Amino acid sequence: MSITSLTFLYFLAAVAALNFLLPRPARKPLLLAASLYFYWAWKPWALAVLAFSVTSSYALALALEHVRLASGKDRLKGGRALFIFALALQVAVLCFFKYLTPRQLGKFSIVMPLGLSFYTFQIIAFLADVYTGKVRAERNFMDWALFISFFPKILEGPIERSGFLSQLKNPPAFQWEGFRDGALHFYWGIFIKLVITERLARVYGHVDVMYKYMEGYQLLVGIAAYSLHLYTDFYAYTSMARGIAGMLGYKLSGNFCQPYFARSIKDFWRRWHISLSSWLRDYIYIPLGGSRCSRRRKYLNVLVTFLVSGIWHGASWNFVVWGLLHGLLQVAEEVLAPLASKAYDRLGVDRTAFSHKIVRVVRTFALVSVLWLFFWRESPKSVLDYLVWCAHLKNIPEIFEGGLLRLGLNLSDMTILLVALAIFSCRSVMAERGTDCMGWLLRQGLWVRLALYWTMMFLLALSVNSNAKEFVYAAF
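In short, a report on the structure. (Residues numbered from 1 in each chain as written. Predicted model: local features only at pLDDT ≥ 70, side-chain atom pairs only at ≥ 80, totals over all residues. Heavy atoms only, no water.)

**What to know about the overall build of the protein**
At step 1: Regarding its fold elements, the protein presents 19 helices and 2 strands.
At step 2: For the protein, the spread of C-alpha atoms along the three principal axes comes to 75 × 55 × 55 Å.
At step 3: Split into buried and exposed, the 476 residues of the protein put 47% on the buried side.
At step 4: Within the protein, contacts between residues at least 6 apart in sequence are counted, and of these 75% link residues at least 24 apart.
At step 5: A distance of 7 Å separates the average location of the 50 positive side-chain charges in the protein from that of its 27 negative side-chain charges. (Helix = DSSP H or I, 4+ residues; strand = E, 2+ residues; numbered from the N terminus. Buried < 20%, exposed > 50% of the residue type's maximum accessible area, 1.4 Å probe, protein only. Contact = heavy atoms within 4.5 Å. Lys, Arg positive; Asp, Glu negative; His and termini not counted. Charge placed at Lys NZ, Arg CZ, Asp CG, Glu CD.)

Following this line, the structure appears as C-alpha cells:
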C-alpha cells in the first residue's frame, strides 16, 4: 500500500478517526493492528520476518538486562557474549535479505522486506543501550512491537531511539493544533513528492537513456536533477511520516536540516539523514574511539564509519566507493583546513562574507551531487564514463534556445517544476534562518494563505497520476 495512494488515504482516515474515538486503553492495540496490516499489505510473508525481529529482540533485551544486573564474576563476560550474539542475530537477518537476495526458492521469489534496514538499526541501538545500561529493557510486548512496527516510519525511518517508545506508552488526547500541523506536514510531503520529485525523475530518467547524445551542460543538469530528486524524495517521505504521526498525536524526529545549504562535507552529514548519521556516530564512530585518540586512528575511525554507511545502503562496489569517498573528503577537509585558513588570511578573504558562504555551499553541493552518481549509475566505470561526457561543454548558448526543454519535460511541466522548486527553496531559506515556517504561515492574512494553498493545490492537481514511483530509500 503506497502512502501516496488513495487507498492509503482511506486507511489513514479510518485509523486517525478510531485513534481518538476509542478509549485510551484500546488505542495501542488499534495502532499495532493498523501497523501490522499496513506491512502485511505489501507482502504477507514479510510480516513473519518483522515478527521474528520483534520477538527475538524483545527476549534478548530482557536477557541482556538480567545478565547486566546479575551478580557474579562472569557477569561482564556473559553479558558481552550475549550482546555479541544479539547483534549477530539481527545483522544476520539483515545481511541475508539485503545482500543474498533477490533469489528464487522454488516458486517463491525472495526480496528484501521493506524497511528492514531501518528497523534493524533501531533494534540494534536499543540492544546496545540496554547492554550499556543507558535504558531499561521494555517489558510490555505490545509497546515494544508498536515501537518497531509503527507504520508511519517503518518504511524509511526516521530511526527512532527509546524516547519515542516513551511517547507510545501514553496515548495522547486529541489536540486540534497537533492534528492540523500534522495534516499540513502530510500535504507538504505529497506536494513535494508528486509535483517536484516525479518531474525530476523524468528529467534524470531521460538523461540516463540519452546521455551519449547530449551536451555536457545537459548532463550536468541531469546530475543536479538526480541530486535534488534523491533529496526531495526522502524529504517528502519524512514530511509525510511526521505528518501522519502528528495526526495521531505523536512526534517523530526530523531527518533533514537543509543539507544542500551545507558548507562542507562534514556539515552536510550533520544535516542529511540525521537519524542515520547520529546512529553511525553513536554506535560505530564513538565505540571505535571517536576523536579521543591519535589523529591517524581518528581518520581511520571516520573511514570505517563511512564504509559501514556505504555497505548499509547495499551490496555493491558503488556504495562502498561512495562511502569511502565521503570519508576521504571529510579527512581531507580537516587535514587541509589549516592550509586553507592561512591562504584566506594572505589573500584577505572575508570568511563571513555572503559571497564566500555561497561559494562553499555551491562547492559542497557539487561534490555531494557528483558522488550521488554512485547511486544512479550501475558501476564505478559508468560513473567515470558519465563524467567524461560531462566535459563536452560546447553548445552552452543552447540553454537560451530551448536546450533545457530537451530533458524529458515540456514547457508546461518545466514551468510547474520551477515554480514548485521556488516555493520549496523559499521554505528552505526560511528554515535555514530559523523561522518557524508553519507558525509564520498561520500568522499571515487569510488572502496570503489562500493564495499559497490554491497555488499548491492547482499544481498538485496537475501532477496527480497513478504511476507515481515508490520512494527511493524504501529499497535501502
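From this point, the narrative continues.
**Quick word on a nonpolar patch on the surface**
At step 1: Where nonpolar side chains cluster on the molecular surface, the patch consists of L446, L450, W454 and M457 and spans about 430 Å² of accessible area.
At step 2: Secondary-structure assignment places L446 in helix α19 (residues 446–461).
At step 3: A relative accessible area of 52% places L446 in the exposed class. (Patch = residues over 30% accessible without salt bridge, like charges linked within 9 Å, V, L, I, M, F, W, Y side chains within 5 Å. Areas by Shrake-Rupley, 256 points an atom, 1.4 Å probe, with all protein chains shown as cover. Salt bridge = Lys/Arg side-chain N within 4 Å of Asp/Glu carboxyl O.)

**Some points on the side chain of S239**
At step 1: Structurally, S239 can be placed in helix α9 (residues 216–247).
At step 2: Taking relative accessible area as the criterion, S239 reaches 6% and is therefore assigned buried.
At step 3: Separated by 2.7 Å, the side chain of S239 and the backbone oxygen of H185 make a polar contact.
At step 4: Leaving out residues up to four positions away in the same chain, S239 has contacts with H185, F186, W188 and G189. (Polar contact = N/O pair within 3.5 Å; in protein donor to acceptor, adjacent residues only side chain to side chain.)

**Considering the nonpolar core**
At step 1: Ranked by size, the top nonpolar core spans 131 residues in total, and within it F151, W272 and W372 carry the most contacts.
At step 2: For this core, the leading source of residues is α9, giving 15 residues. (Core = buried A, V, L, I, M, F, W, Y, C linked by side-chain atoms within 4.5 Å.)

**Considerations on the environment of L146**
At step 1: Within the secondary structure, L146 is located in helix α6 (residues 141–149).
At step 2: Residue L146 is classed as buried on the basis of its relative accessible area, which comes to 0%.
At step 3: Sequence spacing of L146 and S35 is 111 residues, and the spatial spacing of their C-alpha atoms is 7.6 Å.

**Section: unusual backbone geometry**
At step 1: The step from G157 to P158 runs through a cis peptide bond, and the omega angle for that step is 10°.
At step 2: Secondary-structure assignment places P158 in the loop between α6 and α7 (162–169).
At step 3: Unusually for a residue other than glycine, Q258 sits at a positive phi of about 45°.
At step 4: Counting through the fold element by element, Q258 comes out in the loop between α9 and α10 (265–271).
At step 5: Owing to a relative accessible area of 8%, Q258 belongs among the buried residues under this scheme.

**Digging into helix α11 (residues 274–285)**
At step 1: Burial of α11 is extensive: 9 of the 12 residues sit out of reach of the surface.
At step 2: Among the residues making up α11, those that are buried are S275, L276, S277, S278, W279, L280, Y283, I284 and Y285.
At step 3: The inward-facing, buried residues of α11 contact α5 (116–132), α10 and α12 (295–313).

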